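Topology and contacts: notes
Listed below are the residues making up each chain.
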Amino acid sequence: MRDYKLVVLGAGGVGKSCLTVQFVQGVYLDTYDPTIEDSYRKTMEIDNKVFDLEILDTAGVAQFTAMRELYIKSGMGFLLVYSVTDRQSLEELIELREQVLRIKDSTRVPMVLVGNKADLQDERVISVEEGIEMSSNWGKVPFYETSALLRSNVDEVFVDAVRQIIRNEIEAQNSSTAALGHMSRKNTGLGAASANAADPSAAQDTPKKQVTLNRPATAKQAPGKPSTKRKTKKTKTSCVIL
Ligand SMILES: Nc1nc2c(ncn2[C@@H]2O[C@H](COP(=O)(O)OP(=O)(O)O)[C@@H](O)[C@H]2O)c(=O)[nH]1
Ligand SMILES: [Mg+2]
C-alpha cells in the first residue's frame with residue numbers, strides 16, 4: 001500500500017511536535033526537544049479504508065534549506081501550524097505557504113491551516129476570525145483551531161489533509177480517464193464508457209466534524225468535474241473551533 005506523506009510546518013514552539021505525537025501516539029508531551037525533526041508512521045482507517053500515513057514533524061523553519069525543499073517535494077499534504085498565542089507564527093505561515101506552492105508548482109496543494117493552543121484563552125492574541133480570514137485569503141483552505149493539550153481537533157486536521165489528497169487523486173484519475181475517453185472518441189469514433197464515471201469512494205469523503213462557514217453562493221465545483229454523490233465540496237471553508 002502506498003504511503004500518504006504529510007508534512008507539519010510552522011514556526012518553532014507552535015506545537016507541531018505535540019500535535020504530531022498526540023495524533024500518532026495519543027499522548028501529550030509537554031517538553032519536547034525543539035530541534036528534533038522526525039517522521040512518524042500511523043495506519044488509520046478513514047471511511048472504511050485503511051491508509052498508511054507517514055508524518056514528518058519538521059523543525060527549524062527559519063532558513064530555507066535543500067533538505068526542506070526535498071521534503072516539501074515529497075510531501076503530499078501539509079499542515080501549516082501557528083499558535084493562537086503568537087502573532088509572528090501566523091505571519092510566518094504566509095511565506096511558508098508560498099514556498100510550498102512554489103516547490104510543488106501548483107495552487108491546489110492539499111493543505112490545512114491550524115491554529116494551535118486554543119486552550120490558552122487568556123494568552124490568545126489571534127482571534128478565530130483572523131484564522132478564518134487567512135483561510136479565505138488562501139482560497140478557503142480548511143481551517144481548524146486545535147489543542148494538542150486537550151486533544152481537540154487533532155485527528156481532524158490530519159484526516160482533513162488525507163481527504164484532500166484522496167480527492168485530488170480521484171479528480172486526477174477522472175480527468176485522465178476523461179482525456180483517454182476523448183482520445184478514443186477522436187481516434188476510433190467510439191465513446192469511452194468509463195469516462196467521467198463517478199468514483200464510488202467520492203461519495204464517502206465527507207468530513208464528520210466540520211462546520212461550514214461563509215460559503216459564497218458562487219462557489220463552484222472544479223472545472224470539468226462531473227457531479228458526484230459527494231456531500232462536501234472542496235471549496236468550502238471549514239472551520240472547527242473548540
Ligand atoms: N497549552 C498548550 N500548550 C501547548 C500546546 N501544544 C504545544 N504546547 C506547548 O508548546 C511547547 C512547544 O510545543 P512543540 O510541540 O515542541 O512545538 P514545535 O516547536 O512546533 O514542535 C510545548 O512544550 C508545550 O508546552 C497546546 O495545544 N496547548
Ligand atoms: Mg518540534
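Here's a quick rundown of the structure. Please read these numbers as outputs of a predicted model, since none were measured by experiment. (Residues numbered from 1 in each chain as written. Chains lettered and ligands numbered in written order. Predicted model: local features only at pLDDT ≥ 70, side-chain atom pairs only at ≥ 80, totals over all residues. Heavy atoms only, no water.)

Within the chain, the secondary structure is distributed over 5 helices and 8 strands. Going from the N terminus to the C terminus, the chain shows its helices and strands as β-α-β-β-α-β-α-β-α-β-α-β-β. Scored against the burial criterion, the 242 residues of the chain give a buried share of 48%. In the chain, the share of contacts with a sequence separation of at least 24, taken over all contacts with a separation of at least 6, comes to 72%. Per element, the accessible surface of the chain, about 12,100 Å² overall, is 52% carbon and sulfur. (Helix = DSSP H or I, 4+ residues; strand = E, 2+ residues; numbered from the N terminus. Buried < 20%, exposed > 50% of the residue type's maximum accessible area, 1.4 Å probe, protein only. Contact = heavy atoms within 4.5 Å. Areas by Shrake-Rupley, 256 points an atom, 1.4 Å probe, with all protein chains shown as cover.)

A separate point is the site of ligand 1. Around ligand 1, 18 residues are found, and the nearest of them are G13, C18, D30, D119 and A148. Measuring from a nitrogen atom of ligand 1, one finds a side-chain N or O atom of N116 at 3.1 Å. In this structure, K117 approaches ligand 1 through a side-chain N or O atom, which is 3.0 Å from an oxygen atom. Look at ligand 1: alone it shows 570 Å² of surface, and the protein chains cover 86% of it. No other element matches the 3 residues that helix α1 (residues 16-25) contributes to the shell around ligand 1. The residue makeup of the shell around ligand 1, split by class, is 8 nonpolar, 6 polar and 4 charged. (Near = heavy atom within 4 Å. Polar contact = N/O pair within 3.5 Å; in protein donor to acceptor, adjacent residues only side chain to side chain. Nonpolar A, V, L, I, M, F, W, Y, C, P; charged D, E, K, R; others polar.)

The subject of this paragraph is the nonpolar core. Core analysis: the biggest nonpolar cluster contains 32 residues, and L53, L79 and F158 have the highest contact counts within it. Those elements that place two or more of their residues in this core are β1 (3-10), α1, β2 (38-46), β3 (49-57), β4 (77-83), β5 (111-116) and α5 (154-188). Examining the composition of this core, we find that 9 residues originate from one element, α5, more than from any other. F158 has contacts with L6, V8, L19, T20, F23, I55 and L79, leaving out every residue within four places of it along the chain. (Core = buried A, V, L, I, M, F, W, Y, C linked by side-chain atoms within 4.5 Å.)

The subject of this paragraph is a nonpolar patch on the surface. A surface patch of nonpolar side chains, amounting to about 280 Å² of accessible area, comprises Y28, L149 and L150. Examined against the element boundaries, L149 turns out to sit in the loop between β6 (143-145) and α5. (Patch = residues over 30% accessible without salt bridge, like charges linked within 9 Å, V, L, I, M, F, W, Y side chains within 5 Å. Salt bridge = Lys/Arg side-chain N within 4 Å of Asp/Glu carboxyl O.)

Here we take up the pattern of salt bridges. The final tally for this structure, using the stated rule, is 8 salt bridges. We note a salt bridge from R124 to E145, for which the minimum N-O separation is 2.6 Å. With R124 in the loop between β5 and α4 (128-137) and E145 in strand β6, this residue pair connects regions lying 21 residues apart in the sequence. For E145, a relative accessible area of 1% corresponds to the buried category. For D155, the salt bridge is made with R151, and the minimal N-O distance between the two is 3.0 Å. Connected via shared salt-bridge partners are D3, R41 and E54.

Every buried residue of helix α2 (residues 66-74) is accounted for by R68, Y71 and I72. Buried residues of α2 fall within an arc of 105 degrees about the axis and therefore sit on the same side. Among the exposed residues of α2, those pointing more than 90 degrees away from its buried face are A66, L70 and K73. Tucked inside the fold, the buried residues of α2 contact β1, β3, β4 and α3 (87-104). (Arc of directions from axis to C-beta.)

On to the pairing of β3. In this sheet, β3 lies alongside β1 in parallel orientation, the contact comprising 6 bridges. Considered in β3, the bridge of K5 is made with E54. The pairing of β2 with β3 spans 9 bridges and is classified as antiparallel. Across the sheet, S39 pairs through a bridge with L56, a residue of β3. (Pairing = 2+ DSSP bridges.)

Before going further, it helps to examine the environment of L70. Relative to the helices and strands, L70 resides in helix α2. With relative accessibility at 57%, the residue L70 sits in the exposed group. Separated by 33 residues in sequence, L70 and I103 place their C-alpha atoms 9.0 Å apart.

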